[in-house]
Amino acid sequence: GYMFMNVRGGSWFIDRPYELQKAALNKWINNTVDKRLVVLDIGTGSNTPGVVRWPAENIIMQHRSGTLIRINLYDSEVPKEIQNKSISINDDISEFMRGVFDIN
């Protein structure tokens, strides 16, 4: 039969294939506590916030020198707890990238 990954179904998400990568990412993040860190969040909306959006925000909440840059046309807001550590860009991602990289 058909097999699929990266599926959200109600309150569950198939995350087993990513457990090793998650552990490696957490280890790396913990090793950056005394360094500057930028989390670039491009286009993640509110449909499945527990996958990227909330984890990115939590990293910034816990990281003393972290900055979140969120680019999203409709969902660029950040929680008030990290507004002073965030840059919220309400723009079309393709337009933004064209401006950054001077692409016509």
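Along every chain, residues carry numbers that run from 1 in the direction the sequence is written. The predicted nature of this model means local features are confined to residues of pLDDT at least 70 and side-chain atom pairs, given and counted, to a pLDDT of 80 or more, with totals for whole chains, interfaces and linings taken over all residues. Hydrogens and water molecules were not included; the side-chain quantities draw on all heavy atoms of the structure.

## A look at the overall build of the chain
Secondary structure is summarised from DSSP: a helix means a run of H or I of at least four residues, a strand means a run of E of at least two, and numbering begins at the N terminus for each. Per the secondary structure count, the chain includes three helices and five strands. Sequence-ordered secondary structure for the chain, helices as α and strands as β, is β-β-α-β-α-β-β-α. The cut-offs for exposure are 20% and 50% of the maximum accessible area for each residue type, with area from a 1.4 Å probe on protein chains only; residues under the lower value are buried, those over the upper are exposed, and the others partly exposed. Across the 104 residues in the chain, those meeting the buried criterion constitute 25%. Whether two residues are in contact is decided by their heavy atoms: any pair within 4.5 Å suffices. Counting contacts in the chain only where the partners sit at least 6 residues apart, residues at least 24 apart contribute 40% of the total. Per-residue accessibility takes into account occlusion by the displayed protein chains alone, with areas from the Shrake-Rupley method and a 1.4 Å probe. When the accessible surface of the chain is split by element, carbon and sulfur atoms take 55% of a total near 7900 Å².

## Considering the sheet that holds strand β4 (residues 66–71)
The strand order across the open sheet built from three strands is β3-β4-β5, with neighbouring strands paired in parallel fashion. Looking along the sheet, the strands with just one partner apiece sit at the ends: β3 (37–42) and β5 (86–89). Here the average twist between neighbouring strands, direction ignored, is 10 degrees. A pair of strands is treated as paired once DSSP finds two or more bridges between them. Of the strand pairs in this sheet, β3 and β4 are connected by six bridges, and their pairing is parallel. Its bridge partner lying in β4, Leu37 is registered against Gly66. Axes, fitted as lines to C-alpha atoms, cover a helix only where it is in contact. Angles between the N-to-C directions of the axes lie from 0 to 180 degrees.

## Examining the side chain of Arg70
With respect to the helices and strands, the residue Arg70 is situated in strand β4. Of note is the side chain of Arg70, whose polar atom sits 2.9 Å from the backbone oxygen of Glu77. Two N or O atoms form a polar contact when they lie within 3.5 Å of each other; inside protein one atom must be a possible hydrogen donor and the other a possible acceptor, and for residues adjacent in sequence the pair counts only when both atoms belong to side chains.

## Focus: the environment of Ser76
Note on placement: Ser76 falls in the loop between β4 and β5. Along the chain, Ser76 and Asn90 lie 14 residues apart, while their C-alpha atoms are 5.4 Å from each other. In this view, Ser76 contacts Arg70, Ser88, Ile89 and Asn90; residues no more than four positions away in its chain are not counted. There is a polar contact of 3.3 Å between the side chain of Ser76 and the side chain of Asn90.

## A look at the nonpolar core
Put simply, buried Ala, Val, Leu, Ile, Met, Phe, Trp, Tyr and Cys residues joined by side-chain atoms within 4.5 Å make one nonpolar core. Within the largest apolar cluster, seven residues are counted, these being Leu37, Val39, Ala56, Ile60, Leu68, Val78 and Ile82. For this core, the secondary structure elements donating two or more residues are β3 and α2 (53–62). Those residues in contact with Val78, other than ones at most four positions away along the chain, are Leu68, Arg70, Gln83 and Ser86.

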